[in-house]
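Summary of structural features
What follows is the residue order along each chain.
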Amino acid sequence: MGSLGTFLRYPDDIHPLLKMKRAIEKAEKQIPPEPHWAFCYSMLHKVSRSFSLVIQQLGTELRNAVCVFYLVLRALDTVEDDTSIPTDEKLPILIAFHRHIYDTDWHYSCGTKEYKVLMDQFHHVSAAFLELEKGYQEAIEEITKRMGAGMAKFICQEVETVDDYDEYCHYVAGLVGLGLSKLFLASGSEVLTPDWEHISNSMGLFLQKTNIIRDYLEDINEIPKSRMFWPRKIWGKYAGKLEDLKYEKNSSNAVQCLNEMVTDALTHIEDCLKYMAALRDPSIFRFCAIPQIMAIGTLALCYNNVQVFRGVVKLRRGLTAKVIDRTKTMADVYGAFYDFSCMLKTKVDKNDPNASKTLKQLEDVQQLCRDNGVLHKRKSYVNDKGQSNNLYIVMLVILLAIVFAYLRANGGVSDEQ
């Protein structure tokens, strides 16, 4: 759940972490008994614990549709990501993937670990898909077809310009936003606004760009071939080759390039806030809002942080638990975006080539959050230290650690989790 040292530094994380742990255990016990649905929900939990937890809060019919949608696209993404598959073999699979979801005999061995299991036993996902209402099936098939074609296009084409970057992110994530909106509409829970396609796309782009920024090192070190999604138009200003940014001698240029990438991602926030403010169903709202808050939090951590080029940069688990626990209304969303924008703003170096553009983006976000007049209603994710309870909580954690160690030593706690 977390280290004792982390609990001592962030004692307010403890209660949300315990609540999240209980929620995960409850979700695991609610896995449906049918083999194909059991596979889908257990696999969902393995490939994305936090996403699985958020999905569980949706109504049963919509939850099943979103679960299948996520696994279909995760399988498609597994094919795209596997750099060991020859291009002439990969392209037809991507293009025809929307037809494979109707075939309970189809499977394709690729990927690693749980993703390989997903691909080897994809017939379970197909069986679940075939049980969905027709409206859900049509939305999933359409988005899968468009995404597969887009992925195939960029297998043969590098991301050169910022327009290329936006187009790639549209195919792999903006379409997810559009697909989810279609599922929400099919469920009868939401009514789409006139600009729903544009702002749905922005929701996906914001999440995808955050992932591409955070995953630089993992992608560039991919074997047997690097995956390169940062646009040459940006990184070409700072390095001769994209992989040069990971070397310590290029740290200064690497951080400036990173900051420009983050600044580009911030341009989608206004659309994201507009989309979330229009949602009516509380469970759908939380499903959409929690990943968006985690994205702005991740960007705040990554900005001006050379560790992006050295290892993994991500929100601590306790802060993730806090976001999941506290995100209930649009006031919470405005508060979180305001807080993380403030955090990011303090990291802006006035000598950075994009400093003025970054500050303008952040000030626009902060003004938008202030204009809604609800900031006073939120609990801060960033500055909420809970100092008055620190001693009590720390002593409780130490006591729990001692009890847990005693039980484990005496066989009272299994090592298998």
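Turning to the overall build of the chain, a few remarks are in order. Counting secondary structure elements, the chain contains 20 helices and 0 strands. Excluding contacts between residues fewer than 6 apart, the proportion of contacts in the chain whose partners are at least 24 apart in sequence is 72%. A total accessible area of about 19,400 Å² is found for the chain, and carbon and sulfur atoms account for 53% of it.

Throughout the structure, instances matching the rule amount to 19 salt bridges. In this structure, Lys360 and Asp364 form a salt bridge, with 2.8 Å as the shortest nitrogen-oxygen distance. With Lys360 and Asp364 both in helix H19 (residues 355-371), this residue pair falls 4 residues apart, about one helical turn. Taking the relative accessible area as the measure of exposure, Lys360 reaches 46% and is therefore partly exposed. Residue Asp364 is classed as partly exposed on the basis of its relative accessible area of 38%.

Further remarks concern the packing of aromatic side chains. On inspection of all chains with the given rule, the structure shows 13 aromatic pairs. Relative to Trp230, the ring of Tyr216 lies with its centre 5.1 Å away and its plane at 55°, an arrangement referred to as tilted. Of this pair, Tyr216 sits in helix H12 (residues 216-220) while Trp230 sits in the loop between H12 and helix H13 (232-235), placing them 14 residues apart in sequence. Trp230 carries the same exposure label as Tyr216, and that label is buried. A network of ring pairs unites the aromatic residues Phe154, Tyr168, Tyr171 and Phe229 as a single cluster.

Further remarks concern the side chain of Gln292. Tracing the sequence through the fold places Gln292 in helix H16 (residues 282-302). Only 3.2 Å separates the side chain of Gln292 from the backbone oxygen of Met203, close enough to count as a polar contact. Setting aside residues up to four positions removed in sequence, Gln292 forms contacts with Met203, Phe206, Leu207, Cys272, Met276 and Phe337.

Our focus in this paragraph is the packing of H16 against helix H18 (residues 330-345). Close contact between H16 and H18 brings their axes to 8 Å; oriented N to C, the two are set at 10°. Between H16 and H18, the interaxial angle falls into the category roughly parallel. Counting all contacts with H16, which are made through Phe285, Ala289, Gln292, Ile293, Ile296, Gly297, Leu299, Ala300 and Leu301, the residues of H18 involved are Met330, Asp332, Val333, Ala336, Phe337, Phe340, Met343 and Leu344. Of the residues that constitute the contact of H16 with H18, the class distribution is 14 nonpolar, 2 polar and 1 charged.

Moving on to unusual backbone geometry. Cis peptide bonds are those with omega within 30 degrees of zero, and the linkage from Ile223 to Pro224 qualifies with 10°. Note that Pro224 resides in the loop between H12 and H13. Of note, the phi angle at Lys113 is positive, near 50°, even though the residue is not glycine. Within the secondary structure, Lys113 is located in helix H7 (residues 113-120). Positive phi values are uncommon outside glycine, yet Asn304 reaches one of about 60°. Its location among the elements puts Asn304 in the loop between H16 and helix H17 (317-326).

Within the secondary structure, Gln307 is located in the loop between H16 and H17. The class of Gln307 is partly exposed, set by a relative accessible area of 40%.

Between the first and last C-alpha of H18 there are 22 Å, a value that for 16 residues agrees with the 22 Å anticipated at 1.5 Å per step. Counting buried positions over the 16 residues of H18 gives 13, a clear majority of the element.

Counting residues in hydrophobic clusters, the biggest one holds 134 residues, and the most contacted among them are Phe97, Leu183, Trp230, Leu245, Met276, Phe287 and Phe337. Ignoring sequence-local partners within four residues, the contact set of Leu183 consists of Leu62, Ala65, Val66, Phe69, Tyr136, Ala139 and Ile140.

Attention now moves to the confidence of the model for the chain. Residues of the chain with pLDDT of at least 70 account for 89%, and the chain-wide mean is 89. In the model, residues 413-417 has pLDDT below 50 throughout and makes 5 contacts with residues more than four positions away in sequence or in other chains.

Cut-offs applied
Residues numbered from 1 in each chain as written. Predicted model: local features only at pLDDT ≥ 70, side-chain atom pairs only at ≥ 80, totals over all residues. Heavy atoms only, no water. Helix = DSSP H or I, 4+ residues; strand = E, 2+ residues; numbered from the N terminus. Contact = heavy atoms within 4.5 Å. Areas by Shrake-Rupley, 256 points an atom, 1.4 Å probe, with all protein chains shown as cover. Salt bridge = Lys/Arg side-chain N within 4 Å of Asp/Glu carboxyl O. Buried < 20%, exposed > 50% of the residue type's maximum accessible area, 1.4 Å probe, protein only. Phe/Tyr/Trp six-rings, centres within 6.5 Å; stacked < 30°, edge-to-face > 60°. Polar contact = N/O pair within 3.5 Å; in protein donor to acceptor, adjacent residues only side chain to side chain. Axes fitted to C-alpha atoms, helices over the stretch in contact; angles between N-to-C directions. Parallel < 35°, antiparallel > 145°, perpendicular 65-115°, else oblique. Nonpolar A, V, L, I, M, F, W, Y, C, P; charged D, E, K, R; others polar. Expected span 1.5 Å × (residues − 1). Core = buried A, V, L, I, M, F, W, Y, C linked by side-chain atoms within 4.5 Å. pLDDT = per-residue confidence, 0-100.

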